Amino acid sequence: MLLFHGNTMNFYVGAPRFLPPALTALGFACLAFNRRGHDILSIRNSRAAEGAAFQTTAEGIADNRFAAGWIADRGFPLPVVIGHSNGGMLAVQHVTDYPGTPALVLLSAHTGGTGQVEGASRAGLMAGDRLDEIVAQARAMVVAGRGRDLLLMPGWWYVATAESFLDRMVSMPAIVDLAPSITCPVLFIRGDQERVESYPAEEFQDRAGGPCDVEIVPECDHFYIGREDRVTEIVASWLKRTLVC
């Protein structure tokens, strides 16, 4: 199984942390890994900054492909894909590109698409009520050759390069548009405290090219705080029913 973390998150928090113990107990090999877009800002083997503030959609797609190649070289050519939030959006694209994927689990996958930044900002995230101002600032920075300089935003995730911010407005795949190309079994989970408009489980189900089950978890936020056991139970039970283990 490949587990794709959410935006600005990493392999040791959230679902990539709490799901693998249950999944390995069922006999699955699990790979949870960091994309280049892990954490907001980080360093690796130098003082050069990296992380989600610098990410592009193309890098995220490429990193998922690198992980798929790595696990295929170790004898697992067709892993199940599990993605949370932004990782769920990227998971839909990944499974579109790898149609032999046996199953897909979407954990609060967001809409993606060219309108996602505007929608997130309306919800108080990212640019908030300053979207037009920040878009103009980012474009001016790129024109001035400062595309990799950081700009501040009032809402989560608070800081991004001008290039990365603008990339999100033009490059993210729209998961509902891709849904007809997904023919493997899908489980789409959303917490009841999450906006339907942002995490379109039912619309994805209606348009999916194969079977799609939707589970709405009560008393549950986007990060499944305090509901990790319930989410784990839903995922493990669905996989046991769906796949021959």
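Everything below is about the structure shown above.
The text that follows walks through the structure, step by step, so that each part is easy to find. (Residues numbered from 1 in each chain as written. Predicted model: local features only at pLDDT ≥ 70, side-chain atom pairs only at ≥ 80, totals over all residues. Heavy atoms only, no water.)

So, on to the pairing of strand 4 (residues 104–107). Residue alternation in strand 4 divides its side chains into two sets, L104 and L106 and V105 and L107, and both sets are buried. Bridge count between strand 3 (residues 81–84) and strand 4: four bridges; the pairing is parallel. Residue pairing for strand 4: H84 is matched across the bridge by L107. Each parallel crossover has a hand, and the one from strand 3 via helix 4 (residues 86–97) to strand 4 is right-handed. With four bridges joining them, strand 4 and strand 7 (residues 186–191) adopt parallel strand pairing. In the strand pairing of strand 7, L106 is matched with F188. (Buried < 20%, exposed > 50% of the residue type's maximum accessible area, 1.4 Å probe, protein only. Helix = DSSP H or I, 4+ residues; strand = E, 2+ residues; numbered from the N terminus. Pairing = 2+ DSSP bridges. Right-handed = clockwise from strand over helix to strand, strands pointing away.)

Our next topic: the side chain of N10. The residue N10 is located in the loop between strand 1 (2–4) and helix 1 (15–18) in this model. Judged by its relative accessible area of 4%, N10 is buried. At 3.0 Å, the side chain of N10 forms a polar contact with the backbone nitrogen of Y12. Among the polar contacts made by the side chain of N10, one reaches the main-chain amide nitrogen of V13 at a distance of 3.3 Å. (Polar contact = N/O pair within 3.5 Å; in protein donor to acceptor, adjacent residues only side chain to side chain.)

So, about the environment of R74. If you trace the backbone, R74 turns up in the loop between helix 3 (57–72) and strand 3. The exposure class assigned to R74 is partly exposed, which follows from its relative accessible area of 46%. Placed 131 residues apart in sequence, R74 and Q205 show a C-alpha to C-alpha distance of 33 Å. Looking at R74, its side chain comes within polar contact range of the main-chain oxygen of W70, at 2.9 Å.

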